[in-house]
Amino acid sequence: MSKLQTNERLRNIAIIAHVDHGKTTLVDAMFRQSGLIKDHQEIDERLMDTMELEKERGITIAAKNCSVVWKGVRINIIDTPGHADFGGEVERALSMADGAILLVDASEGPLPQTRFVLKKALESGLKIIVVINKVDRRDARPEEVLDEIYDLLIDMEATDEQLEFPLLYAVGREGIAMQAPDEAGRDLHLLFDSVLEMIPGPSYDPGAPFQMLVSDLGYSDYLGRLAVGKIFNGTARSKDSLVCMGENGGHLPLKVSKLQVYEGMQLKDAPEVQTGDIVVLAGIEDVKIGDTICNQLNPQALPRIRVDEPTVSMTFYFNDSPLGGREGKYIQFSRIRERLLKETLVNVAIEVERTEEQDSLLVMGRGEFQLAILIETMRREGFEFCVGRPEVIYRYENGEKLEPIERLMVDCEERFLGVVTEKLSLRKGKMINLVNNGKGRVRIEFSLPARTLIGYRDEFLTDTRGTGIMHSLFDGYGQYRGDCPSRFTGSLVADRSGNAVAYALFNLEPRGRLFVVPGAPVYEGMIIGEHNRGQDLNVNPCKEKKLTNMRASGKDDNVMLSPIKPITLEQTISFIRDDELVEVTPRSVRMRKAVLSAQKRYSGRGAKTKGKTN
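Note that the coordinates shown come from a computational prediction; the quantities given were computed from them, not determined experimentally.

Trainee: Lay out the overall build of the chain in plain terms, naming residues and giving numbers.
Mentor: Along the chain, the regular secondary structure elements total 15 helices and 37 strands. Across the 614 residues that make up the chain, the buried fraction comes to 52%. The long-range share in the chain, meaning contacts at least 24 apart out of those at least 6 apart in sequence, stands at 72%. By element, 47% of the accessible surface of the chain is carried by carbon and sulfur atoms, the whole surface being about 29,700 Å².

Trainee: An account of the sheet that holds strand β11 (residues 224–233) is requested, with residue identities and associated values reported.
Mentor: Strand order in the open sheet formed by 8 strands is β14-β13-β19-β10-β11-β18-β15-β16, and the pairing between neighbours is antiparallel. Bordering the open sheet on either side are β14 (251–255) and β16 (266–269), each of which pairs with just one other strand. Averaged over all neighbouring strand pairs, the angle between strand axes comes to 40 degrees, with direction disregarded. Bridge count for strand β10 (residues 211–220) against strand β19 (residues 292–295) is 3 bridges, and the pairing is antiparallel. Note that in β19 the partner of M212 across the bridge is I293.

Trainee: Could you give me a rundown of helix α5 (residues 142–155), with the residues and numbers involved?
Mentor: Every α-helical turn comprises 3.6 residues, leaving residues that sit three or four positions apart pointing alike. Here α5 contains 14 residues, and its C-alpha end-to-end distance of 20 Å stays within 8% of the 20 Å for a straight helix at 1.5 Å per residue. Residues of α5 that are buried include every one of P142, V145, L146, I149, L152 and L153, and no others. On an axial view of α5, the arc spanned by its buried residues comes to 120 degrees, and they lie on one face. When the buried face of α5 is taken as reference, the exposed residues oriented beyond 90 degrees from it are E143, D151 and I154. Looking one or two residues past α5, E157 carries a phi angle of roughly 60 degrees, positive in sign.

Trainee: Summarise the nonpolar core; cite the residues concerned and give the values.
Mentor: Residues I16, L118, I128, I132, I149 and L153 are the most contacted members of the largest nonpolar core, which totals 42 residues. Residues in contact with L118, not counting those within four places in the same chain, are I16, L102, I128, L152, L153 and M156.

Trainee: Report on the side chain of T585, specifying residues and quantitative values.
Mentor: Here T585 lies in the loop between β36 (580–584) and β37 (589–593). Judged by relative accessible area, which is 1%, T585 ranks as buried. Polar side-chain contacts of T585 include one of 2.9 Å to the backbone nitrogen of S588.

Trainee: Report on the pattern of salt bridges, specifying residues and quantitative values.
Mentor: Scanning all chains against the criterion turns up 37 salt bridges. D286 is the salt-bridge partner of K288, the closest N and O atoms lying 3.8 Å from each other. You can call K288 partly exposed: its relative accessible area is 44%. Taking the shortest distance from any N to any O, the salt bridge between K423 and D463 comes out at 2.9 Å. Of this pair, K423 sits in helix α10 (residues 417–426) while D463 sits in helix α12 (residues 456–463), and the two are 40 residues apart along the sequence. Under the relative-accessibility criterion, D463 is labelled buried at 13%.

Trainee: I'd like a rundown of the packing of α10 against α12, residues and numbers included.
Mentor: It is at 10 Å that the axes of α10 and α12 come closest, and there the two elements cross at 160 degrees. Taken together, the axes of α10 and α12 lie roughly antiparallel to each other. α12 is crossed by α10, and the crossing has right-handed handedness. Between α10, through V419, V420, K423 and L424, and α12, the contact on the second element is made entirely by Y456, E459, F460 and D463. Within the contact of α10 with α12, the residues separate by chemical class into 5 nonpolar, no polar and 3 charged.

Trainee: Tell me about a negative patch on the surface, residues and numbers included.
Mentor: Taken together, the side chains of E143, E144, D147 and D151 make up a negatively charged region of the molecular surface. Considering the arrangement of structural elements, one finds D147 in helix α5. Judged by its relative accessible area of 48%, D147 is partly exposed.

Trainee: Requested: an account of the side chain of R407, with residues and values cited.
Mentor: By secondary structure assignment, the location of R407 is in strand β26 (residues 400–413). In contact with R407, other than residues within four places in its own chain, are R115, E445, F446, H471, S472, L473 and D475.

Trainee: Break down the packing of aromatic side chains for me, citing the residues and quoting the values.
Mentor: As enumerated under the stated definition, the model contains 7 aromatic pairs in all. Ring geometry for Y330 and F383: centres 4.9 Å apart, planes at 40 degrees, overall tilted. Pair noted here: Y330 is in the loop between β20 (312–317) and α8 (333–346) and F383 is in the loop between α9 (368–380) and β23 (385–387), with a separation of 53 residues, a long-range link. Since its relative accessible area comes to 18%, Y330 is described here as buried.

Trainee: Could you give an account of the pairing of β20, naming the residues involved and the relevant values?
Mentor: Judged by how many residues are buried, β20 sits mostly within the fold: 6 of 6 residues are covered. Of the two faces of β20, the one carrying V312, M314 and F316 and the one carrying S313, T315 and Y317 are both buried. Pairing of β20 with strand β22 (residues 360–365), which is carried by 6 bridges, proceeds in the antiparallel orientation. By the bridge assignment, T315 is partnered in β22 with L362. Relative to strand β24 (residues 391–392), β20 runs antiparallel, the two sharing 2 bridges. Its bridge partner being in β24, V312 is matched across the sheet by V392. Bridging between β20 and β23 involves 2 bridges; their strand directions are antiparallel. Of the residues in β23, the one forming a bridge with Y317 is C386.

Trainee: Tell me about unusual backbone geometry, residues and numbers included.
Mentor: The backbone of E157 shows a phi angle near 60 degrees, a positive value even though the residue is not glycine. For E157, the location among the structural elements is in the loop between α5 and α6 (160–163). Given a relative accessible area of 71%, E157 falls into the exposed group. Positive phi outside glycine occurs at K239, with the angle close to 80 degrees.

Here is what the cut-offs are and how they apply
Residues numbered from 1 in each chain as written. Predicted model: local features only at pLDDT ≥ 70, side-chain atom pairs only at ≥ 80, totals over all residues. Heavy atoms only, no water. Helix = DSSP H or I, 4+ residues; strand = E, 2+ residues; numbered from the N terminus. Buried < 20%, exposed > 50% of the residue type's maximum accessible area, 1.4 Å probe, protein only. Contact = heavy atoms within 4.5 Å. Areas by Shrake-Rupley, 256 points an atom, 1.4 Å probe, with all protein chains shown as cover. Pairing = 2+ DSSP bridges. Axes fitted to C-alpha atoms, helices over the stretch in contact; angles between N-to-C directions. Expected span 1.5 Å × (residues − 1). Arc of directions from axis to C-beta. Core = buried A, V, L, I, M, F, W, Y, C linked by side-chain atoms within 4.5 Å. Polar contact = N/O pair within 3.5 Å; in protein donor to acceptor, adjacent residues only side chain to side chain. Salt bridge = Lys/Arg side-chain N within 4 Å of Asp/Glu carboxyl O. Parallel < 35°, antiparallel > 145°, perpendicular 65-115°, else oblique. Left-handed = near helix turned anticlockwise from the far one by under 90°. Nonpolar A, V, L, I, M, F, W, Y, C, P; charged D, E, K, R; others polar. Patch = residues over 30% accessible without salt bridge, like charges linked within 9 Å, V, L, I, M, F, W, Y side chains within 5 Å. Lys, Arg positive; Asp, Glu negative; His and termini not counted. Charge placed at Lys NZ, Arg CZ, Asp CG, Glu CD. Phe/Tyr/Trp six-rings, centres within 6.5 Å; stacked < 30°, edge-to-face > 60°.

This is the structure we're talking about:
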């Protein structure tokens, strides 16, 4: 093996941060100040948020690549998600990086997702530059936040070298970086220079054959399947004959039809690519994330990308409701299966398995939010299907039942501390830490089972009058903490098909919270509201007013219903019980019983009771 060398003409950096700490806004400013975007050009904000869902929610869902050039050096930037549910994106993105910029809000400090992405970066041995962002906030506390960053690194057993990180302060929205929070910064030149000085260029063995690790996949109508990844050794040219090494050691020959590198957000053709660069290679169809593309004469596989195991599962079903097939473009279960299997090719954290039932598949991921994003993406593509309640994936070791444990960080007003603590203790939560900053807000840290957190988010916002903030992070597997009721209320279930009538809904309002408006189509087994009591109640939402008696003119003509707040996909997923499903179509989200017939549900319940008695 030859002595390792570094390619000083390149830098590969990942930008890691918690949700909403200013990551994508900072990248926008880097684009502008590197000369990539001219001053007179009009562009949208948050350029890296290319997905429609990312723009709507203001979060990064998929890791993406881009590049800027500074002082003749190309800096490849990998924008990573800040939510732990998209941890698979973080892990594959960090496989392409040689360093990372850790962005932390000057007021909020390091939060659970910061811990997650930082842990992955430290495990990968990346050089870290810490940037404390939004120092212009009125409630900024940069000194305390810096202490919290040191505490976090020490808690994660960082080395002495990792603790001696370069530190900058920034206002990403204004595009300025400083060495001290009270300095008058003018631009991001200090950040660019720090990247060139502190982040090492990609290292390589000059005597080794070509090796490229596939970290992402794409598709082009003209070029077919695209493999995206970092070149660890050697060089390659267009039309070269190479080989792809899969997980089982299989060799698949390929001929490079095109090579491309990132220039800003765009791709440009490259006749030859150099060691350390992040490239897009066309010419192979059967390739998976983690494969190695290498030289035919001396094929050597690189270590595969390994991701944490999924912790939550949901079952996807064919939509057999009476309203099925009216709104969707793709309703056949074969198309749904094909789409889910396609997702596993580009998302390393998603797994799909067959179930014993026909026309159903078990989909496993990192969290309910990740699966909700997948469902929302599919419905926007025209798919129609049903999904069951999220269930955690248990483990069994030495005869002991283990379950996923979450570390939950809650930030709320001091007056809500009692109700939050009470609700979380009912959900088997244990308080780990409590910090009162003396300004009317408290920060509490809990350890609790992941299954009990499903459905709590909306309840938490109601309890804290919408002022509370909560973030959770997977904290490994722990001992099963006992049964916990998922919901204390029942469902109002329609007992017939038709259209909802205002008169009937008005009389059902005292029974609970309604989900449907007058004129909405309903069917037997559809959930039209939440019952005040714990058991389900079959109701008739189509009942019309009898007109047999004469009444005074204009009397009782108008029925005033309480406003009905539209229920979102995430709310339905967390609301349903084990015997209920969410019906997802491109235009509607409904809830229903898994068994639609009231008579069959009653018979099934009677058979269960009889079985228990015997």
